[in-house]
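Remarks on the overall topology
Here's the letter readout for the chains.
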Amino acid sequence: MFTIAICDDNKQDCSNLCNMVEQYFCGKQKIELHSFQSGLVLYQFMKSQNVHLVIMDIMLDNQSGIDIVKQLKYIAPDCKIIFVSINPEYFQDVYYVDHLQFLVKPIERKRLDFALGKAAALCEKEYVCLKIQGTVQKILSESILYFEVSGHNTTICLNDGTEQTCYISLKEIERKLNQATFLRCHRSFIVNMKHVSRYERSSLQLDDKHMISAY
């Protein structure tokens, strides 16, 4: 499910954006859409909920949409951002904040559609194709905690507690992976950095409390 949050303190603008977003994705992709009038309320929501795309108005009552996004990036660094504003002069202010698009109100549908399509493409699920028990299987990248090699066997440990075994070297697996997400931290391990909860001098702790050697 592609989750989108719209933050705009103008109720009519927020409603219009919601309608345009729903119309774009209708028949294309299932979405979960949330709307907020407060950046702080959105921040609290995202502390416990995964949001793939935020459409953020820059001028909120007593709040800066840009400052809110900077805070959001600490808790959701992979979240995509589309800024909107009635003032085109903010174009320079968002330059130093990671974002996909800056749209000026009133928003043109074709420009919003382009930005939504770009965001959806960037958030598509990544899969790793590996030969397991004689058949090629697609494994969702985000479900992988780590790979561990022992002899000629490589164990794939998943976040649901299950394991898969394949007969592929870590070097070959490494070539199939997104290098921005996976790290060869040891000759016997490749870890998914999105699941690393703590770094120590000679080890990494994963979300499931498992410790991985890093030397």
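Structural data are supplied above this passage.
My aim in this report is to walk through the structure given alongside it, one point at a time. (Residues numbered from 1 in each chain as written. Predicted model: local features only at pLDDT ≥ 70, side-chain atom pairs only at ≥ 80, totals over all residues. Heavy atoms only, no water.)

The next thing to look at is helix 1 (residues 11–25). Helix length check: helix 1 (15 residues) gives 21 Å between terminal C-alpha atoms against 21 Å at 1.5 Å per residue, within 8%. Looking at helix 1, one finds that the buried residues are Cys14, Leu17, Cys18, Met20, Val21, Tyr24 and Phe25. An end-on view of helix 1 places all buried positions within 165 degrees of arc, on one side of the element. The secondary structure elements touched by the buried residues of helix 1 are strand 1 (2–7), strand 2 (31–36), strand 3 (53–57), strand 6 (80–85) and helix 4 (109–122). (Helix = DSSP H or I, 4+ residues; strand = E, 2+ residues; numbered from the N terminus. Expected span 1.5 Å × (residues − 1). Buried < 20%, exposed > 50% of the residue type's maximum accessible area, 1.4 Å probe, protein only. Arc of directions from axis to C-beta. Contact = heavy atoms within 4.5 Å.)

A few words now on helix 4. Here helix 4 is 14 residues long and its end C-alpha atoms lie 20 Å apart, about the 20 Å a rise of 1.5 Å per residue gives. Taken as a whole, helix 4 has its buried residues at Leu112, Ala115, Leu116, Ala119 and Ala120. Angular distribution of buried residues about the axis of helix 4 spans 135 degrees; they occupy a single face of the element. Along helix 4, the residues that are exposed and aim more than 90 degrees away from the buried face are Lys110 and Phe114.

Once that is clear, we can look at the pattern of salt bridges. In total, this model carries seven salt bridges according to the counting rule given. Between lysine 105 and aspartate 13 there is a salt bridge, with the nearest N and O atoms lying 3.0 Å from each other. Of this pair, lysine 105 sits in the loop between strand 7 (101–104) and helix 4 while aspartate 13 sits in helix 1; the two residues are 92 residues apart in sequence, bridging distant segments of the chain. With its nearest N and O atoms 3.3 Å apart, the salt bridge here joins arginine 184 to glutamate 174. Taken together, the positions of arginine 184 in strand 13 (residues 182–186) and glutamate 174 in helix 5 (residues 170–176) put the pair 10 residues apart, joining distant regions of the chain. What makes arginine 184 partly exposed here is its relative accessible area of 32%. When its relative accessible area of 23% is taken as the criterion, glutamate 174 is described as partly exposed. Look at the salt bridges and you will find they share partners, linking Asp8, Asp13, Asp57 and Lys105 into a network. (Salt bridge = Lys/Arg side-chain N within 4 Å of Asp/Glu carboxyl O.)

Counted by the stated rule, this structure contains six aromatic pairs. Judged by centre distance (5.1 Å) and plane angle (85 degrees), the rings of tyrosine 95 and tyrosine 96 are edge-to-face. No difference in accessibility class separates tyrosine 95 from tyrosine 96, as the two residues are exposed. Among the aromatic side chains, those forming a connected cluster through ring pairs are Phe2, Tyr24 and Phe25. When the ring centre of tyrosine 24 is taken as origin, the NZ or CZ atom of lysine 28, which lies over that ring, is 4.4 Å away. Sitting over the face of the ring of tyrosine 127, lysine 138 holds its NZ or CZ atom 4.5 Å from the ring centroid. (Phe/Tyr/Trp six-rings, centres within 6.5 Å; stacked < 30°, edge-to-face > 60°. Lys NZ or Arg CZ within 6 Å of the ring centre and 35° of its normal.)

With that out of the way, let us pick up the sheet that holds strand 11 (residues 153–158). In space, the five strands of this open sheet follow the order 12-11-10-14-13, with antiparallel pairing throughout. Sheet topology places strand 12 (163–166) and strand 13 at the edges, where each strand pairs with a single neighbour. Direction aside, neighbouring strands of the sheet carry axes that sit 20 degrees apart on average. Pairing geometry for strand 13 and strand 14 (residues 189–192), over three bridges, is antiparallel. Across the sheet, residue leucine 183 finds its bridge partner in strand 14, namely valine 191. (Pairing = 2+ DSSP bridges. Axes fitted to C-alpha atoms, helices over the stretch in contact; angles between N-to-C directions.)

Glancing now at the pairing of strand 10 (residues 144–150). The side chains of a regular strand alternate, first on one face of the sheet and then on the other. Relative to strand 11, strand 10 runs antiparallel, the two being bridged by six bridges. Residue tyrosine 146 lies in a different strand from strand 11, and its bridge partner there is cysteine 157. Linking two consecutive strands that pair antiparallel, namely strand 10 and strand 11, is a turn of two residues; a positive phi of about 65 degrees is found at glycine 151 within it. Pairing of strand 10 with strand 14 involves three bridges; the strand directions are antiparallel.

What is shown is where atoms sit, not what they do.
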